[in-house]
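Summary of structural features
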Amino acid sequence: MPLRMTEAQHRGLQATARGEVYLTHSSIQYTLAGPGGSQPLWVLLRVKLIADPSKSKRYGRHQMVLTAKGRAALSHHATL
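Thoughts on the overall build of the chain
Secondary structure summary: the chain contains 3 helices and 5 strands in total. When the helices and strands of the chain are read in sequence order from the N terminus, they spell out α-β-β-α-β-β-β-α. Counting every position in the chain, which comprises 80 residues, the buried fraction comes to 34%. Pairs at least 24 residues apart make up 49% of the contacts formed inside the chain by residues separated by at least 6 positions. Accessible surface for the chain amounts to roughly 5,300 Å². Of this, 57% is attributable to carbon and sulfur atoms.

Focus on the pattern of salt bridges
According to the stated counting rule, one finds 1 salt bridge in the structure shown. For Arg18, the salt bridge identified is with Glu20, shortest N-O distance 3.0 Å. Residue classification places Arg18 among the exposed residues on the basis of a relative accessible area of 52%.

Quick word on the environment of Arg11
Considering the arrangement of structural elements, one finds Arg11 in helix 1 (residues 7-17). Taking the relative accessible area as the measure of exposure, Arg11 reaches 44% and is therefore partly exposed. As for Arg11 and Gly34, which are separated by 23 residues in sequence, their C-alpha atoms are 10.0 Å apart.

Some words on the nonpolar core
Soluble globular proteins: nonpolar side chains tend toward being buried together. In this structure, Leu13, Val21, Leu32, Leu44, Ile50 and Met64 are the most contacted members of the largest nonpolar core, which totals 14 residues. Only helix 1, helix 2 (39-46) and helix 3 (68-79) provide two or more residues apiece to this core. In this structure, Leu44 is in contact with Met5, Gln9, Gly12, Leu13, Leu49 and Ile50, ignoring residues within four places of it in sequence.

Reading the values: the criteria
- Residues numbered from 1 in each chain as written.
- Predicted model: local features only at pLDDT ≥ 70, side-chain atom pairs only at ≥ 80, totals over all residues.
- Heavy atoms only, no water.
- Helix = DSSP H or I, 4+ residues; strand = E, 2+ residues; numbered from the N terminus.
- Buried < 20%, exposed > 50% of the residue type's maximum accessible area, 1.4 Å probe, protein only.
- Contact = heavy atoms within 4.5 Å.
- Areas by Shrake-Rupley, 256 points an atom, 1.4 Å probe, with all protein chains shown as cover.
- Salt bridge = Lys/Arg side-chain N within 4 Å of Asp/Glu carboxyl O.
- Core = buried A, V, L, I, M, F, W, Y, C linked by side-chain atoms within 4.5 Å.

Structure, rendered in structure tokens:
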């Protein structure tokens with residue numbers, strides 16, 4: 001069953017595609033930031049529509065990317 005995205009989650013996917021979503025690793029926490037707040041972005045991360053690039057497992061700020069599943073969801077939502 002496909003994820004029924006909220007408008008905020010859809011905007012989060014669009015922002016990720018534009019390169020506006022970042023995950024910050026520190027020694028004690030992870031912070032996910034982008035337009036529209038972090039809550040919809042955490043949902044997208046949990047359902048694997050966005051991801052931290054595999055090369056960026058160190059501390060610091062890393063741009064999030066769409067997964068193949070995320071690209072498919074974004075294109076599917078655009079056709080509705």
